[in-house]
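# Structure assessment
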Amino acid sequence: MLKAVKVRLYPTTEQQEALAKSFGCARWYWNYALNACIQHYEETGKSLKLNVYKAYLPQLKVEHPWLKEDCYSAVLQCVAINLNKAYSNFFEGRAKFPKFKSKHHEQSIQYPQNVKVVGDCLEIPKIGVVKAVLHRPIEGKVKTVTISKTPTDKYFASILLIGDGEVGFVSGNKTLGIDLGLKDFAIVHDGEEVTKHSNPKHLKRHEKNLARKHKKFTRKVKGSNSRNKYKKLVAKVHERVSNSRQDFLHKLSRKLVDESQIIVVENLHIKGMVRNRKLSKSISDVGWGMFVNFLDYKLKAKDGQLIEIGRFFPSSKTCSCCGHVVDELTLDIREWHCPKCEIHHDRDGNAALNIRKEGLRILQNNGGGNPVIADRGCVRPPTRKGKGQRSMKSEAHTVPDFLRCWVVHP
Ligand SMILES: [Zn+2]
């Protein structure tokens, strides 16, 4: 089982200089190889193979001796492998086209081997013994170590460990249905009761501060010291926002995973939603995608299962008691009455319960095995081919609700 631990590093001034040189070499070779790939494609229409640009290295080290002196050679090998990965992520639709690296953004290098944990320190080839804060014991065999420097000048090491799988898991056995939203971040139904977790709106809490610093930054003369100072201040606010978001998502996902064995969520089409300008900020800030990823890997680690149900499943409009589906349920209706069985529903609790039920149904149909992503085969009406942004005029509470409203159910 693989496990990652991220620790803060405190390199000395000399070590910082050595790291800067290594970052520089890795960046230079990435840009060189990427450029070669692009040129090769323009000339031949074919992509350059990993082995080809890896084989440039010996010659490049002769032409540019600093490449050999300043950087551990395995780090450069890693750059080649990562570029190859970036290309396949692009071709398989998981990522955008690889970018040239700039010295103004986060810097990182990867060591595939030979980094050792010595007491409270990390022994890194070409850099030396660097002081680290190990907030938890490093157990298991070190696989790779990635050293990074943030735009706010902090150093970190992400240590990937091969563990022996013996981790103390808390093993609840509930099945949870989760409805994700913007007002409440997560509405959780365990089959008996509903729990609502409100949306902390991390960005909103820092918005004024961020706007003020960003305005000052843009008004400074380019290249001036004060511009650099404000650039760092802006980066610091972004860092704080992203840290508090991750902290919230980690804590909530840990709590839910500890309680359960199976978690059911809706498959949200986040990329499509973010294109909507009015909502994009809130949707990016809320971090649903990251949350579902956290749930997934935490469940996998304890042999649990995450089930994603089709995003056109009418979770809000279905009565969780009798299964009746109402024709319309506008977003402002928070509570409703089922015309068939006369039960009164709270909109969100009902949706979360339906998500849970649908997940269990899929699981039974699959005999408990994978794969778990299911779409109910609903079709979009041909008159609305657009991506839907234009019709998102109402003050939507959750986007999935909106997506459901132009779906024809068989
Ligand atoms: Zn009913």
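Note that this is a predicted model, so its numbers are computed, not measured.

### Let's talk about the coordination of the zinc ion
- For the zinc ion, the full set of protein donor atoms is Cys319 (SG), Cys322 (SG), Cys338 (SG) and Cys341 (SG), and the range of their distances to it is 2.3 Å.
- Each of the four donor atoms around the zinc ion contributes to a set of angles spanning 107 to 112°, which defines the coordination as tetrahedral.
- Between the donor residues of the zinc ion, the gaps in sequence give the motif C-x2-C-x15-C-x2-C. Separated by 22 residues along the polypeptide, cysteine 319 in the loop between strand E12 (305–309) and strand E13 (335–337) and cysteine 341 in the loop between E13 and strand E14 (344–346) bring together distant segments of the chain.

### Quick notes on the sheet that holds strand E4 (residues 121–124)
- Strands sit in the order E2-E6-E7-E1-E5-E4-E3 across an open sheet of seven strands; the sheet is antiparallel. Two strands in the sheet have a free side with no partner beyond their single neighbour: strand E2 (107–111) and strand E3 (116–118). Averaged over all pairs of adjacent strands, the angle between their axes in this sheet comes to 35°, without regard to strand direction.
- With eight bridges joining them, strand E1 (residues 2–10) and strand E7 (residues 155–162) adopt antiparallel strand pairing. Counterpart to arginine 8 in the pairing with E7 is phenylalanine 156.
- Of the strands in this sheet, E2, strand E5 (128–133), strand E6 (141–149) and E7 are in contact with helix H1 (residues 13–44), which crosses E2 at around 85°.

### Notes on the packing of aromatic side chains
- Tallied over the entire structure, the rule returns eleven aromatic pairs.
- Between tyrosine 87 and phenylalanine 91 the ring centres are 5.9 Å apart and the planes differ by 35°, which places this aromatic pair in the tilted class. With tyrosine 87 and phenylalanine 91 both in helix H5 (residues 73–91) and four residues apart, this pair spans about one turn of that helix.
- Given a relative accessible area of 55%, phenylalanine 91 falls into the exposed group.
- Residues phenylalanine 185 and phenylalanine 291 carry aromatic rings whose centres are separated by 5.0 Å and whose planes lie at 80° to one another, so their mutual orientation is edge-to-face. Of this pair, phenylalanine 185 sits in strand E9 (residues 184–189) while phenylalanine 291 sits in helix H10 (residues 288–301), placing them 106 residues apart in sequence.
- Taking relative accessible area as the criterion, phenylalanine 185 reaches 0% and is therefore assigned buried.

### Considerations on the sheet that holds strand E10 (residues 194–198)
- Strand order in the open sheet formed by five strands is E10-E9-E8-E11-E12, with mixed pairing between adjacent strands. Looking at the sheet topology across the chains shown, the edges are occupied by E10 and E12. Averaged over all neighbouring strand pairs, the angle between strand axes comes to 20°, with direction disregarded.
- Sheet analysis places strand E8 (residues 174–180) next to E9, joined by four bridges and oriented antiparallel. Bridge pairing links glycine 177 to histidine 189 in E9.

### A word on the pairing of E6
- Where E2 meets E6, five bridges bridge the pair, whose relative direction is antiparallel. Note on E6: the bridge partner recorded for isoleucine 109 is isoleucine 147.
- Relative to E7, E6 runs antiparallel, the two being bridged by eight bridges. Its bridge partner being in E7, valine 145 is matched across the sheet by isoleucine 159.
- The antiparallel pairing of E6 with E7 creates a hairpin that spans five residues between the two strands, and aspartate 153 there sits at a positive phi of about 65°.

### Describing the packing of helix H6 (residues 202–219) against helix H7 (residues 225–259)
- Direction vectors running N to C along H6 and H7 enclose 170°, while the axes themselves pass 8 Å from each other. Compared by their axis directions, H6 and H7 come out roughly antiparallel. Residues His202, Leu203, His206, Asn209, Leu210, Lys213, His214, Lys216, Phe217 and Thr218 of H6 lie in contact with H7, whose contacting residues are Arg227, Tyr230, Lys231, Leu233, Val234, Val237, His238, Arg240, Val241, Ser244, Arg245 and Phe248.

### Looking at the confidence of the model for the chain
- Per-residue pLDDT for the chain has a mean of 84; in total, 86% of the residues score no lower than 70.
- Confidence scores differ between elements of the chain, with helix H12 (residues 399–405) showing the lowest mean pLDDT of 36 and H1 the highest of 95.
- Across residues 369–410, where pLDDT falls below 50, the model places 82 contacts with residues more than four positions away in sequence or in other chains.

Criteria and cut-off values
- Residues numbered from 1 in each chain as written.
- Predicted model: local features only at pLDDT ≥ 70, side-chain atom pairs only at ≥ 80, totals over all residues.
- Heavy atoms only, no water.
- Donors = N, O, S within 2.8 Å, 3.2 Å for Na, K, Ca; no water.
- Tetrahedral: all angles 85-135°; square planar, octahedral: opposite > 155°, others 65-115°.
- Helix = DSSP H or I, 4+ residues; strand = E, 2+ residues; numbered from the N terminus.
- Pairing = 2+ DSSP bridges.
- Axes fitted to C-alpha atoms, helices over the stretch in contact; angles between N-to-C directions.
- Contact = heavy atoms within 4.5 Å.
- Phe/Tyr/Trp six-rings, centres within 6.5 Å; stacked < 30°, edge-to-face > 60°.
- Buried < 20%, exposed > 50% of the residue type's maximum accessible area, 1.4 Å probe, protein only.
- Parallel < 35°, antiparallel > 145°, perpendicular 65-115°, else oblique.
- pLDDT = per-residue confidence, 0-100.

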